[in-house]
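The chain contents come next:
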Amino acid sequence: MGDVSSKDGVKKSGKDLGVHKMVDGRKKLSLKYLELIADNIAIKTVAVSKDSLFKNGHVGFRPIWDDFRNQILKAIPGLIPGFNGFLRKTRLTESVFDPTILGELNKSQLFTLSEFMAIIYWLLSRQPNSEDGQLLDKYQSNLFYVKLKRAGVIVVNVSWISEHRYWLLANCDLVTSRQLCMCFGAAPWTKGDCVFSRS
């Protein structure tokens, strides 16, 4: 696929722009492992204080694991800026590890820590009890790749624990195994899991 020019006149490749192609009359990403589910999901939030979101180690009524508390909560600012932008929701076409997924994402599509916190609270507030919404439930993973200043890129898994009726937030450094902190062992993310990124 040839290069095209962006609004600022800078040439970018098809992959850089996340260009779509038509296959059997359906719009699909020109990627091997990520299938487009929804694009340009509008998210608009207002600035909110950290203390108002997290009380007693919970996001609303959702427990937070130690890894998330230590690596995420301690790093976010006291005032989380509002986010005004668009999300892309894709689905894994095969079971793969983090490096393979990141190979199909651009750095500009990853979230900053503040962006992720604003976005995930917005998403969870719209389906607190696993109502219909953007997030998958039934033990499927919703993956967000987040850039941290010191730790580099991490992956955050948001998943619905149906028997206990809560959303679990857990994160892990990028390794070639699936969230060792969750005791799943060396297994890839599963076909059908969702990956959220910036549009």
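Refer to the structure presented above.
Note that this is a predicted model, so its numbers are computed, not measured. (Residues numbered from 1 in each chain as written. Predicted model: local features only at pLDDT ≥ 70, side-chain atom pairs only at ≥ 80, totals over all residues. Heavy atoms only, no water.)

1. Some remarks on the nonpolar core
- In this structure, F116, M117, I120, L123, F144 and V158 are the most contacted members of the largest nonpolar core, which totals 33 residues.
- Elements represented by at least two residues in this core include exactly β5 (34-44), α3 (66-73), α5 (113-126), β13 (142-148), β14 (152-161), β15 (166-173) and β16 (194-198).
- Looking at this core element by element, the count peaks at nine residues for α5.
- Counting 12 residues, the second-largest nonpolar core is a separate cluster that includes Y33, L92, I101 and L143. (Core = buried A, V, L, I, M, F, W, Y, C linked by side-chain atoms within 4.5 Å. Buried < 20%, exposed > 50% of the residue type's maximum accessible area, 1.4 Å probe, protein only. Helix = DSSP H or I, 4+ residues; strand = E, 2+ residues; numbered from the N terminus.)

2. Some words on unusual backbone geometry
- Residue N40 is not a glycine yet carries a positive backbone phi of 55°.
- One non-glycine residue, S130, lies in the positive phi region at around 65°.
- Here S130 is to be found in the loop between α5 and β13.
- On the basis of relative accessible area, S130 is assigned to the buried category, the value being 14%.

3. Here's the deal with the packing of aromatic side chains
- Overall, the coordinates contain four aromatic pairs when judged by the stated rule.
- The interplanar angle of 5° and the centroid separation of 4.9 Å between the aromatic rings of F144 and F196 together place this pair among those described as stacked. Of the two residues, F144 is situated in strand β13 and F196 in strand β16; the sequence distance between them amounts to 52 residues. Each member of the pair F144 and F196 is classed as buried.
- Among the aromatic residues, those joined into a cluster by ring pairs are F111, F116, F144 and F196. (Phe/Tyr/Trp six-rings, centres within 6.5 Å; stacked < 30°, edge-to-face > 60°.)

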